[in-house]
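As a plain string of letters, each chain reads:
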Amino acid sequence: MTDAPAQVFAANLLANLVSALEIDHIYLAPGSRSQALAVAAEQLASAAKVKLHVRIDERSMAFSALGTALATQTPVVLICTSGTAVANLHPAVLEAHHAGVPLILLTADRPEELRGVGANQTTDQVGIFGSAVSVVFDVEAPTDGVDEAERARDLAGAVMSALHESPGPVQLNLAFREPLSSPQPDASAIVATVGSVESAEPEIEWAILDASVPTVVVAAAGAGEEAVELAESFGWPLFAEPSSGARFGLNAIVSYRRLLQQKHELASQIKRVIVFGKPTLSRQVNALFFDESIETIVVKSKSHGHFDVARRATQFVDEITVDDGVDFEWLAQWRLADHENEFQFSETLDRANLVREVYAASNQNDCIVLGASRLIREADSVAPAKPIAVFANRGLAGIDGTIATACGIAIANHDYFIDHG
């Protein structure tokens, strides 16, 4: 049997994507038009080159893939058939876009001659995600007489470049003609040849700050440990949201929301805020950005973009240092106030106690997934400073897809411990 052009292209595309981008996970929602991609994914999975997760619902699949990409901080491939299947990816794609989560969407489509003529299961899939994807590759259907292996390699290279430039979702809208698949070629036997992306070393933008200005560090989704390191280096209080990856260490002020809400005397002394990530949980913190007596400096986030909700940020920088010695008295005052304002738990079975018990039962090898609305705000008020991975869909802060996202995170966490003993 002659290898179907669709299968030659699909096998080479997936083999090169998996190799070039070190992809560990592929999510698949089965369908007829995408069968060549499904065959290639199974071949790679059978050879233990990738982990394949099959889901029958595209919407849940997309959120699970989002969770896996969040937990692994690596790209995840999604495969679906044409029509409404593609539209069902949209909520998770929006969240991934706003959170800078790398998803590679392989959306199967009808060939050009079947578009716009009323053919079954055919709609305009190019541009269906709008600006939520950084780039859309509308790829013509594979055909005889064309080097489909080379075309697939070139496309894999273009995807790698796109993700390097802008982390987040990309769409490969892949047209296929019949025959839609064949047993060969075997994707697991293909030697990938896509090279690495060459890029110039970025120029680092520094801010050299007056050490005497009373400063706090705000860490939100997308912040990471860099916020902790900066705060601890210069003796600055750290206001860290639960999903920031920075709510730990001696500088973390757990009761910062209460202290700001109560207009504590320390709050009135703040003259500079340094922002990591995308802070969205607290009106009290948000008010700091609009206060004209307070300077806002934003540390650039490749995943979450440049946060400047009040349009007042004076600098967007990569690194920060100070011009004089560090005085830790400012931090000591905040730590004392934090201790004095420690949250008093009641015996009531409420959300605050739920957060406390979950945190108490978790260790640094666990992951906590919080609903993106009320529960994470509760945690922001009462959760202790603890080095533990906390996730919530705060890119767009939708309340949908939480359970599916948690499933994807659990898959990644389980696989990590299996792979590392």
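Residue positions are given per chain, counting from 1 as you read along its sequence in written order. In keeping with the predicted nature of the model, local features appear solely for residues at pLDDT of at least 70, side-chain atom pairs appear and are counted solely at 80 or more, and the whole-chain, interface and lining totals rest on all residues. Hydrogens and water are ignored here; the side-chain numbers use all heavy atoms of the structure.

With that settled, the discussion passes to the overall build of the chain. Each helix and strand in the chain was counted, giving 13 helices and 15 strands. The size measure is the radius of gyration over C-alpha atoms, and the globule rule it meets is 2.2 Å times the number of residues to the 0.38 power. Computed over the C-alpha atoms, the radius of gyration of the chain is 24 Å, within 12% of the 22 Å expected from 2.2 N^0.38 for a compact globule of 421 residues. By its C-alpha atoms, the chain is 80 × 50 × 45 Å across when sized along the principal axes. Here the chain holds 421 residues, and 50% of them are scored as buried. Here a residue-residue contact requires only that any non-hydrogen atoms of the pair lie within 4.5 Å. A sequence separation of at least 24 residues applies to 74% of the contacts in the chain between residues at least 6 apart. Residue burial considers only the protein chains on display, and all accessible areas are found by Shrake-Rupley using a 1.4 Å probe. On the chain, roughly 19,000 Å² of surface is accessible, and the fraction owed to carbon and sulfur atoms is 50%. In DSSP terms, a helix is any run of H or I states spanning at least four residues, a strand is any run of E spanning at least two, and both are numbered starting from the N terminus. For each residue, the accessible area found with a 1.4 Å probe, counting protein chains only, is set against the maximum for its type, and the residue is called buried under 20%, exposed over 50%, and partly exposed in between.

Read from one edge of the open sheet, six strands run 2-1-3-4-6-5, paired in parallel fashion. The open sheet is flanked by strand 2 (51-54) and strand 5 (136-139), the only strands paired with a single partner. Pairwise comparison of adjacent strand axes, ignoring direction, gives a mean angle of 15 degrees for this sheet. Here the rule is simple: two strands pair whenever DSSP picks up at least two bridges between them. Pairing of strand 1 (residues 25-28) with strand 2, which is carried by four bridges, proceeds in the parallel orientation. Each axis is a line fitted through C-alpha atoms, taken for helices only over the stretch in contact, and angles between the N-to-C directions span 0 to 180 degrees.

Peptide bonds are, in most cases, trans, and in most cases residues other than glycine have a negative phi. For the bond from Glu-178 to Pro-179, the omega torsion is 0 degrees, close enough to zero to count as cis. The amide bond that connects Gln-184 to the next residue, Pro-185, takes the cis arrangement and shows omega of 5 degrees. By the secondary structure assignment, Pro-185 is in the loop between strand 6 (170-175) and strand 7 (206-209). Despite not being glycine, Ala-397 has its phi angle at roughly 60 degrees, a positive value. Along the polypeptide, Ala-397 turns up in the loop between strand 15 (389-391) and helix 13 (402-419). Judged by its relative accessible area of 30%, Ala-397 is partly exposed.

Where helix 1 (residues 5-20) contacts helix 6 (residues 148-165), the two axes come as close as 8 Å, and the packing angle between them is 35 degrees. Crossing angle aside, the handedness with which helix 1 passes helix 6 is right-handed. Facing Pro-5, Val-8, Phe-9, Asn-12, Leu-13, Asn-16, Leu-17 and Ala-20 of helix 1, the residues of helix 6 in contact are Glu-148, Ala-149, Arg-151, Ala-152, Arg-153, Leu-155, Ala-156, Val-159 and Met-160. A clockwise turn of the near helix away from the far one marks a right-handed crossing, whereas an anticlockwise turn of less than a right angle marks a left-handed crossing.

Our next topic: the packing of aromatic side chains. Each aromatic ring pair is described using two quantities: the centre-to-centre distance and the angle formed by the ring planes. Pairing of aromatic side chains requires ring centres within 6.5 Å, counting the rings of Phe and Tyr and the six-membered ring of Trp. Pairs whose planes differ by under 30 degrees are stacked, by over 60 edge-to-face, and all others tilted. The final tally for this structure, using the stated rule, is six aromatic pairs. Members of the aromatic cluster, connected to one another through ring pairs, are Phe-239, Tyr-256, Trp-330 and Trp-334.

Strands in a sheet are paired, the pairing made by backbone hydrogen bonds, and the direction either parallel or antiparallel. Across the sheet, which stays open at both edges, the five strands sit in the order 9-8-10-11-12 with parallel pairing between neighbours. Every interior strand has two partners, whereas the edge strands, strand 9 (238-240) and strand 12 (315-317), have only one. Between one strand axis and the next, the sheet turns by 20 degrees as a mean value, whatever way the strands run. Across five bridges, strand 8 (residues 215-219) lies against strand 10 (residues 272-276) in parallel orientation. Following the sheet pairing, Thr-215 is matched in strand 10 by Arg-272.

Moving on, we come to the environment of Leu-259. Turning to its location among the elements, Leu-259 is positioned in helix 8 (residues 256-261). Assessed through its relative accessible area of 0%, Leu-259 is described here as buried. Separated by 28 residues in the primary sequence, Leu-259 and Ala-231 place their C-alpha atoms 18 Å from one another. Excluding its chain neighbours within four sequence positions, the residues that come into contact with Leu-259 are Ile-253, His-264, Ala-267, Trp-334, Ala-337, Asp-338 and Asn-341.

A few words on the nonpolar core. Take the buried Ala, Val, Leu, Ile, Met, Phe, Trp, Tyr and Cys residues and link them wherever side-chain atoms come within 4.5 Å; each set so joined is a nonpolar core. Grouped together as the largest cluster of nonpolar side chains are 44 residues, with contacts concentrated most on Trp-236, Ile-270, Ile-274 and Ile-320. In terms of residue count, the dominant contributor to this core is helix 7 (residues 225-234) (five residues). Residues contacting Trp-236, with those up to four places away along its chain left out, are Leu-209, Thr-215, Val-217, Leu-230, Ala-231, Asn-251, Arg-272, Ile-274, Ile-320, Val-322, Trp-330 and Leu-331. The next biggest cluster of nonpolar side chains, apart from the first, holds 41 residues, and it includes Ala-6, Val-77, Ile-79 and Ala-152.

Our next topic: the packing of helix 11 (residues 351-361) against helix 12 (residues 374-382). Where helix 11 meets helix 12, the axes come as close as 9 Å, and the angle between the chain directions of the two elements is 70 degrees. Accordingly, the angle class assigned to the pair helix 11 and helix 12 is roughly perpendicular. Mapping the contact onto sequence places Arg-351, Ala-352, Leu-354 and Val-355 in helix 11 and Arg-374, Leu-375, Glu-378, Ala-379 and Val-382 in helix 12. Its residues placed into classes, the contact of helix 11 with helix 12 shows six nonpolar, no polar and three charged. Any angle between 65 and 115 degrees counts as roughly perpendicular, while under 35 counts as roughly parallel, over 145 as roughly antiparallel, and the rest as oblique. Charged residues are taken to be Asp, Glu, Lys and Arg, nonpolar residues to be Ala, Val, Leu, Ile, Met, Phe, Trp, Tyr, Cys and Pro, and polar residues to be all remaining types, Gly included.

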